[in-house]
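Coordinate analysis (summary)
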Amino acid sequence: MRQRRKDLLRLLMLVTVMLTCAVLWPKGKTHTLPVRTVAEIQRSGQLIVLTQNNPTVYYVDRHEQESGPEYELIKAFAERLGVTPLFVIKNSVAELMDAISRGEGDIATAGLSITAERKRKGLFGPAYQKVSQQVVCRRGGENPRKIADLMTVDLVVIAGSSYEERLKGLKHKYPKLSWHASSGLNAEQILEKIWNRKIGCTVMDSSIVSINQRYYPELRVRFALGQQDELAWALPKGAGALRRQAVDWFEEYQKSGEVARLQEFYYGHVTLFDYVDT
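For the structure given in this document, a descriptive report is provided here. As a convention, each chain's residues are numbered from 1 in the sequence order in which they are written. Residue-level local features of this predicted model are given only where pLDDT is at least 70; pairs of side-chain atoms are given and counted only at 80 or more, and the full residue set underlies all totals for whole chains, interfaces and linings. Processing note: side-chain calculations cover all non-hydrogen atoms of the structure and skip hydrogens and water entirely.

Throughout this description, disulfide means a covalent bond between two cysteine sulfur atoms. Disulfides are defined in this document as cysteine sulfur pairs within 2.5 Å. Within this structure, the stated rule accounts for one disulfide. The side chain of Cys137 participates in a disulfide bridge whose partner is Cys201; the two sulfur atoms lie 2.1 Å from each other. Judged by the sign of its S-S torsion, about 105°, the cystine formed by Cys137 and Cys201 is right-handed. Taken as a pair, Cys137 in strand E8 (residues 133-138) and Cys201 in strand E11 (residues 201-205) lie far apart in primary sequence, 64 residues in all. By the burial criterion, Cys137 is buried, and Cys201 matches it. Each helix is a run of DSSP H or I of at least 4 residues and each strand a run of E of at least 2, with the numbering of both proceeding from the N terminus. Exposure is judged per residue with a 1.4 Å probe applied to protein chains only, and the accessible area is read against the type maximum: over 50% gives exposed, under 20% gives buried, and values in between give partly exposed.

In structure tokens, the structure reads:
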């Protein structure tokens, strides 16, 4: 009971600080919070984690328990620090990256690919998974087989995503390449619209595609867009000490076999490979 009261007081203090900042800071302006040291995080008892709600990252299951592959990783790292993770949901990857660059959290985790653009906004922890960006359409629908074919496809991607960043890079070679960058749809909603024939194709990480093919079996991977990406946590610039803690912890955690166990638990029932429709 005493521990529950302590946890509640810590949570109330954190909420009070966040509400105070929201009231005092003028709208439309950006502010950077001081980066918390490892000692400050430990004294607070909370690791503030910015994330998104989706099956490959973090979600609340049917038993109303927090779950997800990245939730498990964060929880294990927080235990090493001797603190409890507090998850703050962001609506988009762009919002999440902006927030972590301003120091609104200690760590951001949302299936984040390490990209040049994102490196300008923050630090990255150890890579815990490799994925491929895949062009995904519906069976019987659009059928692009190479990048040049995308110039005539109804292509929708998540705004501010690593997918859009890669397409922007390809546009130098393929100037007629075009797409719609959606800031109002998440990965699952875009895939559902492809399933319902409301969108032609998208670009999505292989892990997300594999999970969602359970619900939308008519989704088809046409081809992989470039080389594999590494997924990692993002941290604010200046959080070098916390990053070193994460790197050291992850090396031990991976050697123990726990990373492989999590992959098997969450992805073992799906096929994690770059399936291409024939």
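Here the narrative resumes.
Cavity and pocket criteria rest on a 1 Å grid covering protein atoms alone: a 1.4 Å probe that fits but cannot get out defines a cavity, protein on both sides within 12 Å along at least 5 of 7 lines defines an open pocket, and an atom within 4 Å of a point defines a lining residue. Grid points are joined across faces, edges and corners, and a volume is the space filled by probe spheres set on the points. Evaluated as defined, the whole model comprises one cavity of 30 Å³ or more. Its volume calculated, the largest cavity comes out at about 70 Å³. Thr56, Pro69, Glu70, Leu73, Tyr128, Gln129, Val259, Leu262 and Gln263 are the residues that line the largest cavity. Among the secondary structure elements, those contributing two or more residues to the lining of the largest cavity are helix H3 (69-81) and helix H10 (258-267). Grouping the constituent residues of the lining of the largest cavity by class yields five nonpolar, three polar and one charged. All amino acids are sorted into three groups, where Ala, Val, Leu, Ile, Met, Phe, Trp, Tyr, Cys and Pro are nonpolar, Asp, Glu, Lys and Arg are charged, and the leftover types, Gly among them, are polar.

Here the focus is the layout of surface pockets. Taken as a whole, the second largest pocket holds about 460 Å³ of empty space. Taken together, 34 residues make up the lining of the second largest pocket; nearest its centre are Gln52, Asn54, Val93, Ile158 and Ala187. With three residues, the single largest contributor to the lining of the second largest pocket is helix H7 (residues 187-195). In terms of residue class, the lining of the second largest pocket is built from 12 nonpolar, 17 polar and five charged.

What follows concerns the packing of aromatic side chains. Stacked, tilted and edge-to-face pairs are distinguished by plane angle, under 30 degrees for stacked and over 60 for edge-to-face with tilted covering the rest, among Phe, Tyr and Trp rings (Trp via its six-membered ring) whose centres lie within 6.5 Å. Counted by the stated rule, this structure contains 10 aromatic pairs. Each ring, one from Tyr58 and one from Phe87, has its centre 4.6 Å from the other, and the planes form 20°; the classification is stacked. Residue Tyr58 is found in the loop between strand E1 (46-51) and strand E2 (59-60), and its partner Phe87 is found in strand E4 (residues 84-89); the two are separated by 29 residues along the sequence. Looking at Phe87, the relative accessible area reads 11%, which means it is buried. Taken together, the aromatic side chains of Phe77, Trp233, Trp249, Phe250 and Tyr253 make up a single cluster linked through ring pairs. Looking at Arg138, its charged tip hangs above the ring of Trp195, at a distance of 4.7 Å from the centre. Sitting over a ring, as applied to charges here, requires NZ of Lys or CZ of Arg to be within 6 Å of the ring centre and within 35 degrees of the ring normal.

Now for the pattern of salt bridges. Any two side chains of opposite charge can pair, so long as their charged atoms come close to each other. The salt bridge definition used is simple: a Lys or Arg side-chain nitrogen within 4 Å of an Asp or Glu carboxyl oxygen. Following the criterion strictly, the structure yields 10 salt bridges and no others. When the shortest N-O distance is used, the salt bridge between Glu251 and Lys255 registers 3.4 Å. Here Glu251 and its partner Lys255 are both found in helix H9 (residues 240-255), four residues apart, which amounts to about one turn of the helix. On the basis of relative accessible area, Glu251 is assigned to the partly exposed category, the value being 43%.

Our focus in this paragraph is unusual backbone geometry. Phi angles above zero are rare outside glycine, and Glu64 is one such case at about 60°. With a phi close to 65°, Arg197 is a non-glycine residue in the positive phi region. Take Arg197: it is sitting in the loop between H7 and E11. Accessibility expressed as a relative area gives 55% for Arg197, which makes it exposed.

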